[in-house]
Amino acid sequence: MTMIFTLIPTLGAIIACASSTNGFIIPISNTSGGRVETALFMNKKTKSGGGGFAKKATAINIKTKKAANPDFTYAGSIRPFPQSPKRIVDPAAVLSIPDYAIDGIPKKRGSAYEIEIKTPEEIEKMRKSGRCAREVLDIAGKMVKAGVTTDEIDAAVHAACIERGAYPSPLNYRNFPKSCCTSVNEVICHGIPDKRPLEDGDIINIDITVYLDGYHGDCSEMFCVGGRDALDEKGRRLIQTTYDCWIKSMELVKPGVNYNAIGKTIEDYVKAEGFSTVRSFCGHGIGHVFHTAPNIYHYTVNQNLQEMKAGHVYTIEPMICEGFADPYMWPDDWTATTADGGRSAQFEHTLLVTEDGVEALTGKIETSPLQFWEEESAIRKGIWLGTSEHARARANELSNR
């Protein structure tokens, strides 16, 4: 699940608003030795209430859909549909709950600058949360077909998390009303599951984060309603380009590499293919805190950032668009679409920097399907699990099943 700038929704233009009170300031070293400060926000909503956690279901089993704004102009064809009541989590059914589960307000704060080096014990817990997130994402992906609603997918995600002893991390995070994000067609990210039935030719990103035994695991993937043949050529190119730029950026991850290499690799690749990369959202460090340092930019940053070290754990999750990459916010304060109604695609892994490269903690498993963009990748064909010796061997094994 992405980190987010504060956005003012204006068609064709986005204004990033800086505030050291509601967000945290990330320093970027510039060529003259000074610091450029960039204000980043997960989401500006801070009011308490609602809650995805309660001892009694009736305490928070409430409607969450806002009244429609008849004067709001939507950029594309997707419209909000009714939402089901907010689902709840029985505390006895999970290993632990995040600190925002009751009132929606995160209490733990990771460092704005210092990147954690995870201990072996922490890495082991993150492997488990990553595996759990992957299992849940695969369950959600198998449900994608015409006539299924994103609310039905959310219900399955919620149940799958609880079955594994995990709390669905998005639920009540700054009052987000559902257990996963489902972003269809022109929705860039943070789409709220609702009663709209999926249609053949839709593309959908399903973003899953789980909180298992005190640690988050975060991943997302694209799915095509009706499969490859239901998708037009430009839609196939959009997904393929998004996947390939993502893989290309992850291939370079290893100790000693500057974090600015990620965004440059992504932007150079997608621009050459005629697409654009979203600048208003970024990847992030992750662990016992949902969003922390480092910020992972998916565009060129012409300044030195920090260098990668073994034990760093973070997400790379580029959002690539057919046309303009400016986000346009819906009145629900969460759903971000493209400003021109063009489609957007995204992939995401939680990654661990190792001594000999990188491993995807949310990588595919024995039961995960092989998608056309993996088979046809111009960067690396087959399932990608990382660049370490162990990851390469495991990926080859899964790809040749």
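Reading the values: rules and limits
- Residues numbered from 1 in each chain as written.
- Predicted model: local features only at pLDDT ≥ 70, side-chain atom pairs only at ≥ 80, totals over all residues.
- Heavy atoms only, no water.
- Helix = DSSP H or I, 4+ residues; strand = E, 2+ residues; numbered from the N terminus.
- Buried < 20%, exposed > 50% of the residue type's maximum accessible area, 1.4 Å probe, protein only.
- Contact = heavy atoms within 4.5 Å.
- Areas by Shrake-Rupley, 256 points an atom, 1.4 Å probe, with all protein chains shown as cover.
- pLDDT = per-residue confidence, 0-100.
- Core = buried A, V, L, I, M, F, W, Y, C linked by side-chain atoms within 4.5 Å.
- Axes fitted to C-alpha atoms, helices over the stretch in contact; angles between N-to-C directions.
- Parallel < 35°, antiparallel > 145°, perpendicular 65-115°, else oblique.
- Left-handed = near helix turned anticlockwise from the far one by under 90°.
- Nonpolar A, V, L, I, M, F, W, Y, C, P; charged D, E, K, R; others polar.
- Salt bridge = Lys/Arg side-chain N within 4 Å of Asp/Glu carboxyl O.
- Pairing = 2+ DSSP bridges.
- Phe/Tyr/Trp six-rings, centres within 6.5 Å; stacked < 30°, edge-to-face > 60°.
- Lys NZ or Arg CZ within 6 Å of the ring centre and 35° of its normal.
- Polar contact = N/O pair within 3.5 Å; in protein donor to acceptor, adjacent residues only side chain to side chain.

> Please clarify how the overall build of the protein chain should be interpreted in this entry.
Within the protein chain, the secondary structure is distributed over six helices and 20 strands. Across the 401 residues that make up the protein chain, the buried fraction comes to 60%. Across the protein chain, the fraction of contacts at a sequence separation of at least 24, relative to all contacts at a separation of at least 6, is 74%. Counting only carbon and sulfur atoms, one obtains 51% of the accessible surface of the protein chain, whose full area is about 15,500 Å².

> Just to check I follow, could you spell out the confidence of the model for the protein chain for this structure?
Should the pLDDT be low somewhere, the predicted coordinates at that spot are not to be read in detail. When pLDDT is averaged along the protein chain, the result is 87; 84% of the residues meet or exceed 70. Every residue in residues 5–67 scores below 50 in pLDDT, and together they form 172 contacts with partners more than four places removed in sequence or on other chains.

> Help me understand the nonpolar core in this model?
Grouped burial of nonpolar side chains is what soluble globular proteins tend to show. In terms of nonpolar packing, the biggest core is built from 39 residues, with Ile 239, Tyr 314 and Ile 316 touching the most fellow members. Elements with a contribution of two residues or more to this core: β10 (215–224), α3 (233–251), α4 (260–272), β13 (292–296), β14 (313–316), β19 (349–354), β20 (357–360) and α5 (372–375). Of all hydrophobic cores here, the second largest spans 30 residues; its members include Ile 78, Ala 160, Leu 198 and Trp 330.

> Just checking my understanding: could you explain the packing of α3 against α4 for this structure?
When two helices pack together, their arrangement is given by the angle between the helix axes and the distance between those axes. It is the contact of α3 with α4, at a shortest axis distance of 9 Å, that shows an interaxial angle of 150°. In this view, α3 runs roughly antiparallel relative to α4, as classed from their interaxial angle. In this structure, the crossing between α3 and α4 has a hand that is right-handed. Here α3 contributes Thr 241, Asp 244, Cys 245, Lys 248 and Ser 249 to the contact with α4, which in turn contributes Ile 262, Thr 265, Ile 266, Tyr 269 and Val 270. Grouping the constituent residues of the contact of α3 with α4 by class yields five nonpolar, three polar and two charged.

> I tried to follow the pattern of salt bridges on my own but got confused; where do I start?
Opposite charge on two side chains permits pairing when their charged atoms draw close. A full pass over the atoms with the stated rule returns 28 salt bridges. With a closest N to O distance of 3.1 Å, Arg 196 and Asp 202 form a salt bridge. Exposure class is identical for Arg 196 and Asp 202. Each is buried. In the salt-bridge network here, residues are joined through shared partners; they are Arg 131, Glu 135, Glu 163, Arg 164, Glu 366, Arg 394 and Glu 397.

> Hey, could you run me through the sheet that holds strand β18 (residues 344–346) in this one?
Either a parallel or an antiparallel arrangement is found when strands of a sheet pair, and the pairing is made through backbone hydrogen bonds. In space, the three strands of this open sheet follow the order β11-β15-β18, with antiparallel pairing throughout. Of all strands in the sheet, those with a lone pairing partner are β11 (276–277) and β18, marking the two edges. With three bridges joining them, strand β15 (residues 319–321) and β18 adopt antiparallel strand pairing. Along β18, the bridge assignment pairs Met 319 with Gln 346.

> What is the right way to read the packing of aromatic side chains from this model?
The relative placement of two aromatic rings is captured by the distance of their centres and the angle of their planes. Summed over the entire model, instances satisfying the criterion amount to 13 aromatic pairs. With 5.1 Å between their ring centres and 85° between their planes, Phe 176 and Trp 334 make a pair best called edge-to-face. With a gap of 158 residues between them, Phe 176 in the loop between β6 (167–168) and β7 (181–184) and Trp 334 in the loop between β16 (327–329) and β17 (336–338) connect regions that are remote in the sequence. Both residues of the pair, Phe 176 and Trp 334, count as buried. Grouped by ring-pair contacts, the aromatic residues Tyr 243, Trp 246, Phe 347, Phe 372 and Trp 373 constitute a single cluster. Sitting above the plane of the Tyr 173 ring, Arg 174 keeps its charged end 5.9 Å from the centroid.

> Would you mind going over the environment of Arg 228 with me for this structure?
For Arg 228, the location among the structural elements is in the loop between β10 and α3. Note on Arg 228: relative accessible area 33%, which makes it partly exposed. As a C-alpha pair, Arg 228 and Trp 373 span 145 residues in sequence and 9.6 Å in three-dimensional space. The residues contacting Arg 228, other than those within four sequence positions of it, are Arg 236, Phe 372 and Glu 376.

> Where do I start with the packing of helix α1 (residues 120–142) against helix α2 (residues 150–163) in this structure?
For the pair α1 and α2, the least separation of the axes is 9 Å and the interaxial angle reads 150°. One way to sum up the angle between α1 and α2 is to call them roughly antiparallel. Of the two possible hands of crossing, α1 and α2 adopt the one that is right-handed. Together, Val 136, Ile 139 and Ala 140 of α1 and Ile 153, Val 157, Ala 160 and Cys 161 of α2 make up the contact between the two elements.

> Which parts of the structure should I look at to understand the side chain of Arg 87?
Looking at where Arg 87 falls in the secondary structure, it is placed in the loop between β5 (35–40) and α1. Polar contacts involving the side chain of Arg 87 include one to the side chain of Asp 151, which spans 3.3 Å.

> Which parts of the structure should I look at to understand the sheet that holds strand β8 (residues 187–189)?
With respect to topology, three strands assemble into an open sheet ordered β8-β17-β16, the strand pairing being antiparallel. Single-partner strands in this sheet number two, and they are β8 and β16. Shown here is a sheet whose adjacent strand axes are inclined to one another by a mean of 45°, direction ignored. As paired strands, β8 and β17 are joined by two bridges and run antiparallel to one another. Paired with Val 187 across the two strands is Thr 337, which belongs to β17.

> What is the right way to read the pairing of β13 from this model?
Side-chain direction in a regular strand flips from residue to residue, so the side chains alternate between the two faces of the sheet. Judged by how many residues are buried, β13 sits mostly within the fold: five of five residues are covered. Note: strand β12 (residues 281–285) against β13, three bridges, orientation antiparallel. Bridge pairing in β13 places Gly 283 opposite Ile 296. From the end of β12 to the start of β13, which pair antiparallel, there are six residues.

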